[in-house]
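# Fold and geometry: a report
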Amino acid sequence: MNLLDLILEPLQYDFMVRALVATVVAALVCALLSCWLVLVGWSLMGDAVSHAVLPGVVIAYILGAPFAVGALVFGVLAVVLIGVVRGTSRVKEDAAIGIVFTTLFALGLVLISVTPSHTDLNHIIFGNILGVSNADLIQIALLAAAAFVLLVLKRRDLTLFAFDPVHAQAIGLSPRRLGALLLGLLAVTAVVALQVVGVILVVALLIIPGATAHLLTDRFSRMLLIAPTFSVAASVLGIVISYWVDAASGGLIVLVQGAIFTLVYLLAPRYGLLPRMIRARPATVRAAPEVGSRSPSAP
């Protein structure tokens, strides 16, 4: 069996095709957003929102509503609560994020434990990409398209906000509104990735691609190309590997992304660990004087 057969055989099954389409869509939009999250320093915020959507998904199940609706509501709620706690008390942002996301995540776990269900709700936590239906695929595509269009239309404003919010305000932009937009897009994108890797691993799709691209280039425009390319390729590879080794698809997607990040971290031409160590070594090494040679100071 050659490499082409290894790639094409999984495509014979409809559930694998749906899984690949959903994964590519989620990986693309998550990677784009991750570029801004890495530059702004909102990695922890991404973790918070991705965990905070859990109770919304469970409540949506109880009410018979689409999971995406409940997840989106609680994602936005988490962002609002973090802002309220941070803005109306002495509690700093990192503490506010920790309080809100752990409380909401715990609420979701409690709701799962007490909700009678004929459906295994654990797939919300760990993902169920191979069980994506056509309806789920439509929801993922619509939410991802909305997030993608907003990111493209507002890319210049968001980039200026990420690099220099003071300058953004000086030219008439509102850093507060741009921050709110970025947080709203974070909530939507977390919902998109939820079906792929589950609540626990969503933050990986939102952080690893941008961090990897940041090690490879200093230009933000190139980051916006490198991150999605890397993320989509790693996600497809993870899905294909999961088919052949019969392992968790979401976990393998994140493992492949983590492995590629490790290689880039070690070997990136400019910012990789090994090239920097090599450049840090002395350029020249003094040779020891030969035995019997006269010292320059000798008469």
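Residues numbered from 1 in each chain as written. Predicted model: local features only at pLDDT ≥ 70, side-chain atom pairs only at ≥ 80, totals over all residues. Heavy atoms only, no water.

### Here we look at unusual backbone geometry
- Positive phi, normally seen in glycine, also occurs at Asp246, with a value near 55 degrees.
- Among the structural elements, Asp246 can be located in the loop between helix H12 (220-245) and helix H13 (249-267). (Helix = DSSP H or I, 4+ residues; strand = E, 2+ residues; numbered from the N terminus.)

### Section: the nonpolar core
- With 81 residues, the main nonpolar core has Leu33, Trp36, Leu54, Leu186 and Leu206 as its most contacted residues.
- Top element by residues in this core is helix H11 (residues 175-216). It accounts for 23 residues.
- If sequence neighbours within four positions are ignored, Leu206 has contacts with Cys30, Leu33, Ser34, Leu37, Gly46, Leu186 and Thr189. (Core = buried A, V, L, I, M, F, W, Y, C linked by side-chain atoms within 4.5 Å. Buried < 20%, exposed > 50% of the residue type's maximum accessible area, 1.4 Å probe, protein only. Contact = heavy atoms within 4.5 Å.)

### Observations concerning the pattern of salt bridges
- Overall, the coordinates contain three salt bridges when judged by the stated rule.
- Two residues, Asp157 and Lys154, come together in a salt bridge whose shortest N-O distance is 3.8 Å.
- Asp157 sits in the partly exposed class, given a relative accessible area of 22%.
- Judged by relative accessible area, Lys154 falls into the partly exposed class, the value being 34%. (Salt bridge = Lys/Arg side-chain N within 4 Å of Asp/Glu carboxyl O.)

### Section: the confidence of the model for the protein chain
- Within the protein chain, residue pLDDT values average 83, and 91% of them lie at 70 or more.
- Between residues 284-288, whose pLDDT stays under 50, and residues either more than four places distant or in other chains, the model counts zero contacts.
- A low-confidence stretch, residues 293-299 stays under pLDDT 50, and its non-local contacts, those more than four residues away or across chains, total one contact. (pLDDT = per-residue confidence, 0-100.)

### Some points on the packing of aromatic side chains
- Using the criterion set out here, one finds seven aromatic pairs in the structure.
- Ring plane angle 40 degrees and centroid distance 5.8 Å describe the contact between Tyr13 and Phe15, whose orientation is recorded as tilted.
- Owing to a relative accessible area of 36%, Tyr13 belongs among the partly exposed residues under this scheme.
- One aromatic cluster is present, built from ring pairs that chain together Tyr13, Phe15, Tyr243 and Trp244. (Phe/Tyr/Trp six-rings, centres within 6.5 Å; stacked < 30°, edge-to-face > 60°.)

### A look at the packing of helix H3 (residues 43-52) against helix H6 (residues 93-114)
- Two numbers describe how H3 lies on H6: the axes approach to 8 Å, and their chain directions differ by 20 degrees. Between H3 and H6, the angle is such that the two are roughly parallel. You can see that H3 and H6 cross each other, and the crossing is left-handed. In this structure, H3 contributes Leu44, Met45, Asp47, Ala48, His51 and Ala52 to the contact, and H6 contributes Glu93, Asp94, Ile97, Phe101, Leu104 and Phe105.
- Of the residues assigned to the contact of H3 with H6, the class counts are eight nonpolar, one polar and three charged. (Axes fitted to C-alpha atoms, helices over the stretch in contact; angles between N-to-C directions. Parallel < 35°, antiparallel > 145°, perpendicular 65-115°, else oblique. Left-handed = near helix turned anticlockwise from the far one by under 90°. Nonpolar A, V, L, I, M, F, W, Y, C, P; charged D, E, K, R; others polar.)

### Digging into the packing of helix H9 (residues 155-163) against H11
- Running from amino to carboxyl end, H9 crosses H11 at an angle of 110 degrees, the nearest separation of the two axes being 10 Å. Relative to H11, the element H9 is oriented roughly perpendicular. Counting all contacts with H9, which are made through Asp157, Leu158 and Phe161, the residues of H11 involved are Pro175, Leu178, Gly179, Leu181, Leu182 and Leu185.
- Within the contact of H9 with H11, the residues separate by chemical class into seven nonpolar, one polar and one charged.

### Examining H6
- The first and last C-alpha atoms of H6 sit 32 Å apart over 22 residues, in line with the 32 Å expected at 1.5 Å per residue.
- Along H6, the residues classified as buried are Ala96, Ile97, Val100, Phe101, Leu104, Phe105, Gly108, Leu111 and Ile112. Viewed end-on, H6 has its buried residues packed into an arc of 135 degrees, placing them on one side of the element. Structural note: H6 exposes Thr103, Ser113 and Val114 on the side pointing more than 90 degrees away from its buried face. (Expected span 1.5 Å × (residues − 1). Arc of directions from axis to C-beta.)

### Focus on the environment of Leu178
- Mapped onto the secondary structure, Leu178 falls in helix H11.
- On the basis of relative accessible area, Leu178 is assigned to the buried category, the value being 8%.
- Expressed as a C-alpha distance, the spacing of Leu178 and Thr159, which sit 19 residues apart in the sequence, is 9.9 Å.
- Excluding residues within four positions of it along the chain, Leu178 makes contact with Asp157, Leu158, Phe161 and Leu173.

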